[in-house]
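Letter by letter, the chains look like this.
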Amino acid sequence: MSQKTNIKKLILLVKLLIEEKEECESICHDAKREFEESIMQAHYDFNVHDDALDGNAQKPSNDGNDDTSNSEKHSDETVPDIASEEQEKPHHPAWIKKLYRKIAIITHPDKMQSSASAAMKERFLDIYRRSKICLESYDYMSVIIFATDIDVKIPKDEVIKSGIIDTENKKLRSEISSIKNSVYWQWANSTPEEKEKILKDFVTSRGWMSKENQRKKSRKGAGSHPGKSISQMKKSKILKEKK
């Protein structure tokens, strides 16, 4: 990366990528709920057995005949290595500690100007707390962003040399790409007709249309939903044949 690069623009780009990722996650969260509700409705309409949805997968029984005693089970558990846990954690680079101190001087409750508004004090306190957590968890990129939010000067040379911005940029782009390649993103950006096609493909992939599955009903007994026949389902929206 060139030393002449405008670091403020690079940090702003990372912030925009973070916002884009959060927006994509929100869209996929809503799409996931809608997609799963559609699947459950289709499962109910077909009334076929599916271990993943019916929850009837066999679980290991615990009838008291287990040859392994409780003491033996506990002996297999990993005992925490206290000595290892007490080992000194990696040191923070001097530049990030200095940057954090500049943030703390402005945002620490004891350092705030008494004339600051209640909203400003609340905002600064939030930045102080979050930047402290980010430093302790080695999330240096977030510390840098907090610094820019309150106009603290960024040590350009050290930040560029660390490669943090490039690494974060690539990571965010990769995560956004993964989200946009998910079935939930596809569902969120599909027309009603395309959603029907996605559901039909799902039904086929789960084998719900097979004769074997048609014999394994999800619900049994008097008064329970009998399940629709294939001919009935072809008339529904889920298996509506294209003309």
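Residues numbered from 1 in each chain as written. Predicted model: local features only at pLDDT ≥ 70, side-chain atom pairs only at ≥ 80, totals over all residues. Heavy atoms only, no water.

Peer 1: Lay out the layout of surface pockets in plain terms, naming residues and giving numbers.
Peer 2: Within this model, the largest pocket holds a volume of roughly 360 Å³. Together, 16 residues line the largest pocket, and Ile18, Glu22, Arg130, Ser142 and Ile145 are the ones closest to its centre. Counting only elements with at least two residues in the lining of the largest pocket, the list comes to α1 (7-46), α6 (118-136), α7 (140-149) and α9 (164-180). Broken down by class, the residue content of the lining of the largest pocket amounts to six nonpolar, one polar and nine charged. Counted as a void, the second largest pocket has a volume near 180 Å³. In terms of lining, the second largest pocket is formed by Ile7, Lys8, Ile11, Thr148, Asp151, Val152, Lys153 and Ile154. Per-element tally for the lining of the second largest pocket: the top contributor is α1, with three residues. In terms of residue class, the lining of the second largest pocket is made up of four nonpolar, one polar and three charged. (1 Å grid on protein atoms, 1.4 Å probe; cavity = no way out; pocket = protein on both sides within 12 Å on 5 of 7 lines; lining within 4 Å. Points joined across faces, edges and corners; volume = space filled by probe spheres on them. Helix = DSSP H or I, 4+ residues; strand = E, 2+ residues; numbered from the N terminus. Nonpolar A, V, L, I, M, F, W, Y, C, P; charged D, E, K, R; others polar.)

Peer 1: Any details on the packing of α1 against α7? Residues and values, ideally.
Peer 2: Contact geometry for α1 and α7: axes closest at 11 Å, N-to-C directions at 110°. Taken together, α1 and α7 sit at an angle that is classed as roughly perpendicular. Counting all contacts with α1, which are made through Ile11, Val14, Lys15 and Ile18, the residues of α7 involved are Met141, Ile144, Ile145, Thr148 and Asp149. Class assignment for the residues of the contact of α1 with α7 results in six nonpolar, one polar and two charged. (Axes fitted to C-alpha atoms, helices over the stretch in contact; angles between N-to-C directions. Parallel < 35°, antiparallel > 145°, perpendicular 65-115°, else oblique. Contact = heavy atoms within 4.5 Å.)

Interpretation note: all reported values are geometric properties and have no functional meaning in isolation.
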